[in-house]
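Here is how the chains run, residue by residue.
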Amino acid sequence: MRDQTLCVVRPSVSQEGFASLSVPTYRASTIVFPDAQSYADRKYRGPDGYSYGLHGTPTTRTLEAALTELQQGVRTALVPSGQAAVAVVMLTALMPGDTVLIPDTVYPPVTGFCENFLKPRGINYRIYDPMVGAGIATLMDSTVKLIWTESPGSTTMEVQDIPAIVAAAHKNGALVGCDNTWATPLLFKPLVHGVDFVAEALTKYVGGHSDLLMGAISVRELALHRRLKDTLRMLGIGISPDEASLAVRGLETMGVRLAHMSRVATAFAERMAKIAPAELVLHPALPHCPGHAVWKRDFAGSSGVFSVVVPSGAEAALPGLLTAAKVFAIGASWGGTRSLLAPMNVVSDRSVTANVHAGTILRISIGLEDPEDLWADLAPIVATIADAAQAPAQRTAIRST
Ligand SMILES: *Cc1c(COP(=O)(O)O)cnc(C)c1O
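This write-up is about the structure you can find in this document.

### Topic: the sheet that holds strand 5 (residues 175-179)
Whenever strands of a sheet pair, they do so through backbone hydrogen bonds, lying parallel or antiparallel. Judged by pairing direction, the sheet is mixed, and its seven strands sit side by side in the order 1-7-6-5-4-2-3 without closing on themselves. This sheet does not close on itself; its edge strands, each paired only once, are strand 1 (75-79) and strand 3 (124-128). Each adjacent strand pair in this sheet contributes to an overall mean axis angle of 20 degrees, direction not counted. Relative to strand 3, strand 2 (residues 99-103) runs parallel, the two being bridged by five bridges. Across the sheet, the residue bridging to Val-100 is Tyr-125, located in strand 3. Of the strands in this sheet, strand 3, strand 4 (144-150) and strand 5 touch helix 6 (residues 162-171), which is tilted by about 155 degrees from strand 5.

Listed below in structure tokens is the structure:
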């Protein structure tokens, strides 16, 4: 062979005796075939075979297989973000004329997707109270083909009775999807409770270092995976093996990270509930939290994200207190090593839940820093909240449980 060819056609080297603990990053667009017949038959390789880099590489399949085992499902499909995971489930499960039910506490961009993308294409949505439980049956009609759940709810942390919702949905011929980003499969396994699609933003705890965006959809039945893979192929959606390898690496340490974050977040929530009125602290491990009993029944623990209601009397001081924080960063996405504070205003996102706090709710994501340094940042915030809550006129209306 001449030089130009030698630049392209490499000699093969032995892999004999090379065993690494890391998952190789296999980059590929083209997949090559050993003979013309294999190429002609490539479409019969099915969703588990290799046909084109977009549809999977050994790197992405390794991550999918690991997530499938953790979720106790049958297959997992990777997508470029958590939002894409939710959207792809809805695009797969719903046709024009169908209806999806979404909880009032859903990750807000999901409502935007339903209103601005699905609705103009003839797919309807209705919003339900996340605490509805078996009462979801009364909201169903023959057009309802998917019930979406997210537990605990975004920012306000209501824990949903997923088994009750699944029972009602399946009895009435609807599928159930669950956004399990907060819990991860280490703390809750929706598929085991009968959920059909579980969506996870791997961006958060699986990635774990605030440097990658990815989503995953795990399913309970093979037929649903085939339908998802069809949707992804039609839309041309795939993920990069480089990012998949970062997620594989993140997954290895997720257990210890989550255990630490859970311990610190729960201790902080309990400490805050002793200083400020307990009902201002929104954390599923606190007995007053909506769905606390269901959380104890269904979840193996809590992760590192919870919230505190900021009474109106403390609103003015909050921006200064946030800026003064030395260790906490201010930001929205969570699940990384760095602790975050995110002031949220949810009232405009809620339409069917009574008594939602109209002002700021401070969302707290615990990272891996020393807890005493974190508490030094939180202490003045909690003290300000406690002071404001004591003034009778400032007593904040929050949801009755
Ligand atoms: C962050 C998040 C998402 C979206 O994930 P991205 O990867 O940022 O698109 C979806 N659901 C929940 C509960 C989230 O926290």
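### Notes on the site of the ligand
Near the ligand the following residues occur: Ser-81, Gly-82, Gln-83, Tyr-107, Glu-150, Asp-179, Thr-181, Ala-201, Thr-203, Lys-204 and Trp-334. Between the ligand and Thr-203, the relevant distance is 2.6 Å, taken from an oxygen atom to a side-chain nitrogen or oxygen of the residue. In the complex, 88% of the free accessible area of the ligand, which totals 380 Å², lies under the protein chains. The residue inventory of the shell around the ligand, partitioned by class, reads three nonpolar, five polar and three charged.

### A look at the packing of helix 3 (residues 58-71) against helix 9 (residues 241-275)
Relative to each other, helix 3 and helix 9 sit at 35 degrees, their axes nearing to 8 Å. Like other packed secondary-structure pairs, helix 3 and helix 9 cross with a definite hand, here left-handed. On the side of helix 3, the interface is formed by Thr-59, Thr-60, Leu-63, Ala-66, Leu-67 and Leu-70, while helix 9 contributes Pro-241, Ala-244, Ser-245, Ala-247, Val-248 and Leu-251. Residues of the contact of helix 3 with helix 9, tallied by class, amount to nine nonpolar, three polar and no charged.

### Points about the side chain of Thr-155
On the secondary structure map, Thr-155 appears in the loop between strand 4 and helix 6. In contact with Thr-155, not counting residues within four places along its chain, are Leu-282, Ser-307, Met-344, Val-346, Ile-361 and Arg-363.

### Quick notes on the environment of Ala-85
Secondary-structure assignment places Ala-85 in helix 4 (residues 82-93). Residue Ala-85 is classed as buried on the basis of its relative accessible area of 0%. When the C-alpha atoms of Ala-85 and Ala-199 are compared, they prove to be 5.7 Å apart, with 114 residues separating the residues in sequence. Not counting the four nearest positions on each side in its chain, Ala-85 is found in contact with Val-79, Ala-199, Gly-215, Ala-216 and Ile-217.

### Considerations on the state of the cysteines
Covalently bonding the sulfur atom of one cysteine to the sulfur atom of another cysteine gives a disulfide. This structure, assessed with the given rule, holds zero disulfides. Cys-114 carries a free sulfur, and the closest cysteine sulfur to it, the one in Cys-178, is 15 Å from it. Taking relative accessible area as the criterion, Cys-114 reaches 0% and is therefore assigned buried.

### So, the side chain of Glu-369
On the secondary structure map, Glu-369 appears in the loop between strand 12 (361-365) and helix 13 (371-390). Taking relative accessible area as the criterion, Glu-369 reaches 16% and is therefore assigned buried. Here the side chain of Glu-369 touches Ser-339 through a polar contact of 2.6 Å, landing on its backbone nitrogen. Excluding anything up to four places from it in sequence, Glu-369 contacts His-260, Val-327, Thr-337, Arg-338, Ser-339 and Leu-374.

### Digging into the pattern of salt bridges
Side-chain pairing between opposite charges can occur once the charged atoms of the two side chains come close. By the definition in use, this model includes eleven salt bridges. Residue Asp-161 is joined to Arg-297 by a salt bridge in which the shortest nitrogen-to-oxygen separation is 2.8 Å. Of this pair, Asp-161 sits in the loop between strand 4 and helix 6 while Arg-297 sits in helix 10 (residues 292-298), placing them 136 residues apart in sequence. Residue Arg-297 is classed as partly exposed on the basis of its relative accessible area of 49%. Put simply, Asp-196 and Arg-220 hold a salt bridge, and the shortest N to O gap is 3.0 Å. A residue pair is termed long-range when its members are at least 10 positions apart, and Asp-196 in the loop between helix 7 (184-187) and strand 6 (197-201) and Arg-220 in the loop between strand 7 (215-219) and helix 8 (222-235) qualify at 24 residues. For Asp-196, a relative accessible area of 2% corresponds to the buried category. Connected via shared salt-bridge partners are Asp-161, Arg-297 and Asp-298.

Rules used in this analysis
Residues numbered from 1 in each chain as written. Predicted model: local features only at pLDDT ≥ 70, side-chain atom pairs only at ≥ 80, totals over all residues. Heavy atoms only, no water. Pairing = 2+ DSSP bridges. Helix = DSSP H or I, 4+ residues; strand = E, 2+ residues; numbered from the N terminus. Axes fitted to C-alpha atoms, helices over the stretch in contact; angles between N-to-C directions. Contact = heavy atoms within 4.5 Å. Near = heavy atom within 4 Å. Polar contact = N/O pair within 3.5 Å; in protein donor to acceptor, adjacent residues only side chain to side chain. Areas by Shrake-Rupley, 256 points an atom, 1.4 Å probe, with all protein chains shown as cover. Nonpolar A, V, L, I, M, F, W, Y, C, P; charged D, E, K, R; others polar. Left-handed = near helix turned anticlockwise from the far one by under 90°. Buried < 20%, exposed > 50% of the residue type's maximum accessible area, 1.4 Å probe, protein only. Disulfide = S-S within 2.5 Å. Salt bridge = Lys/Arg side-chain N within 4 Å of Asp/Glu carboxyl O.

None of the figures reported here should be taken as evidence of function without further support.
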